[in-house]
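Structural description and commentary
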Amino acid sequence: MTDKNITENQEEKKSLNFIEQIVEEDLKSGKHKEIITRFPPEPNGYLHIGHAKSIILNFGLSETFHGKTNLRFDDTNPVKEDVEYVDSILEDVQWLGYKWHGDVHYASDYFEQLYEWAVKLIKDGYAYVDDQSIEEISASRGTPTQAGKESPFRNRSAEENIDLFERMRKGEFKDGEKVLRAKIDMSSPNMHMRDPIMYRIKHSEHHRTADKWCIYPMYDFTHGQSDYIEGITHSICTLEFENHRPLYDWFLDHIYEEGRTRPRQIEFARLNLSYTVMSKRKLAELVEKKLVSGWDDPRMPTISGLRRRGYTPEALQLFAEKVGVAKRENIIDVGLLEYSIKEHLNRTAQRVMTVLDPLKVTITNYPKDKEEFLSAINNPEDESMGEREIPFSRTLYIEKEDFREEANRKFFRLKLGGEVRLRYAYFIKCNEVVKDENGNIIELLCTYDPLSKGGKSPDGRKVKGTLHWVSAKHALNVEVKLYDRLFSDESPDGHKEKDFTEFINPDSLTVTENCKAEPFLKTAKVGNRFQFERKGYFCVDKDSSKDKIIFNRTVPLRDSWAKKNF
RNA sequence: UGACCCAUGGUGUAACGGUAACACAGCUGGUUUUGGUCCAGCCGUCCCAGGUUCGAAUCCUGGUGGGUCAGCCA
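Residues numbered from 1 in each chain as written. Chains lettered and ligands numbered in written order. Predicted model: local features only at pLDDT ≥ 70, side-chain atom pairs only at ≥ 80, totals over all residues. Heavy atoms only, no water.

1. Notes on the protein's contact with RNA strand B
The immediate surroundings of RNA strand B are formed by 69 residues, with Gln21, Arg328, Arg413, Gly454 and Lys563 found nearest. Each atom of RNA strand B within 4 Å of the protein was assigned to sugar, phosphate or base; sugar and phosphate come to 62%. Within the side chain of Lys202, an N or O atom sits 3.2 Å from a phosphate oxygen of RNA strand B. A distance of 2.9 Å separates a sugar or linking oxygen of RNA strand B from a polar side-chain atom of Glu329. Among the elements of the structure, α6 (134–140), β6 (197–201), α12 (313–323), α13 (334–348) and α14 (560–564) are those that each provide at least two residues to the surface near RNA strand B. For the surface near RNA strand B, the class distribution of residues is 23 nonpolar, 21 polar and 25 charged. (Near = heavy atom within 4 Å. Polar contact = N/O pair within 3.5 Å; in protein donor to acceptor, adjacent residues only side chain to side chain. Helix = DSSP H or I, 4+ residues; strand = E, 2+ residues; numbered from the N terminus. Nonpolar A, V, L, I, M, F, W, Y, C, P; charged D, E, K, R; others polar.)

2. What to know about the sheet that holds strand β7 (residues 215–217)
Strand order in the open sheet made by the 4 strands is β4-β5-β6-β7, with antiparallel pairing throughout. In the strand order of this sheet, the two ends are held by β4 (127–130) and β7, each with one partner. Within this sheet the neighbouring strands show an average axis-to-axis angle of 20°, counted without direction. With 4 bridges connecting them, β4 and strand β5 (residues 179–182) associate as antiparallel partners. Residue pairing in the sheet places Asp130 in a bridge with Val179 of β5. Where helix α7 (residues 158–170) meets the sheet, it contacts β4, β5, β6 and β7, and its direction lies at approximately 60° from that of β4. (Pairing = 2+ DSSP bridges. Axes fitted to C-alpha atoms, helices over the stretch in contact; angles between N-to-C directions. Contact = heavy atoms within 4.5 Å.)

3. Re the pairing of strand β24 (residues 509–517)
As paired strands, strand β11 (residues 354–355) and β24 are joined by 2 bridges and run antiparallel to one another. Note that in β24 the partner of Thr354 across the bridge is Ala517. Bridge count between strand β23 (residues 476–483) and β24: 7 bridges; the pairing is antiparallel. Bridge pairing in β24 places Val478 opposite Cys515.

4. Structural notes on the domain arrangement of chain A
Assigned domains within chain A: domain 1 (32–268), domain 2 (280–311 + 329–350 + 479–563) and domain 3 (354–468). Taking only C-alpha atoms, the centre of domain 1 and the centre of domain 3 are 65 Å apart. (Domains from an automatic or database assignment.)

See the structure below:
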């Protein structure tokens, strides 16, 4: 290989994001022989696409650098957590295509070790039991621009503190009566360093440890140590934890033993998507107020919602890759998410013809009892998917919007006296429009050109439009749910005066029954994805039954015609 | 009137001191039995002001703008 080639190859190499650069340097310098990352959700809600970004980042890192990724539940607050959430999180991570290293970990597995470390800190003079009320502690913390005041209990002896802490554990005190605090600096410019609380009393049932404990460690006294216990090398979290890093390091300083792996916290910007909300609180509110059907409503940005909508793990991975990783606040255009799924499905989805809004068409010169089968390509992007047969007969359905009695020459579809191609079938010409007493078009009388079978034009005659269609006699009745963005505002929670629910899009869901599908769809199973030609990508919803298939529209096809005529 | 972080086209991300790249969106045009796909082209001078340097989007200083922090949440 020449020098030039080497240079070119290096240039072609995809540039690394700042976290990948750190990892690469740590490996190159020998700081770590192998990296271990972790995905550490609190089981207090369903995962959303922002979590997907984090999952893909953490697992992706260990894939590209041949390391490991742990899955750990940060379950230090029993009143907010539930097994329902751990189950859904487990499902979502696996669905995304990742396998965590070893067993699932829980911060609650480390409660005993954490307790011992707390005792050590007390003995070393770095922690104390505070009897102040929640209000007193809050008041004495100061403000970002004003130093706090030291607690009157700050200088208790180690012996007294140990005794009190042990009695806290035994359950001798009520919730809120006492806390364990780190003794750092009440005048620190960093609020998190003003004697942060390490333990609080909560007499409540934990979903895993039941009533074994009545004192629970805070996030700050748990996370770094859990990373340390697991040998995590790179502890990646979102930007709002930036101010916690000095505390993360402070606790580690006081328990660290020479020779062991010391984790490093690195922060990146969380994902924000336009036209939706991402906070767990707001998503929960949508569910509670029944503004959506549940956490997995196809309009929700949750992983379960996107899955039900028809998104694929590959699409979310592509999306995460396109979005990138940096420290800048961002709002990603949902269009990029839609691009990602279209990109994947265009290559992989079975094509099929379905008429969403049927208009009856009778081919007057086609024999009454005749039917024939025509060959259609399953996926023009993938020849290996082969072809299928579609029934054709005298009575058909086409899309209502594909016909106009009169239209200018920009309208490529069927008009009175005009000719179009029925995809894979024949050229047809519309000769007469049948209307009901109110003047609504209820049927078109057309003639076909028998020589144009397969949609070909033996005489070289051109038509501008090609329509999808379904034979009425063979049609399968299906229900289709069309989705639009849940909010009509680009940043629904970005308005100080208005609540985000005020921006709910009233037309985010359209249910259309009596859609006509080609018989191929008879055997479609829940979760199957298709492209309905000219209409978009659809997948079979879990609410489907034997006699009624329900399709969710994942995303429409790009439609430059509709756009121009808007 | 504090600390920390951030600042590149409409949206994201890259360029690691050598003269702005990639993707999405948008707009033109071409191909096409999906007004899909695909292909070609167009669309920024890097928040501002100083400084260092032969040379700065990249380094320094000061502004300005935005974000985070005053839970016994994570």
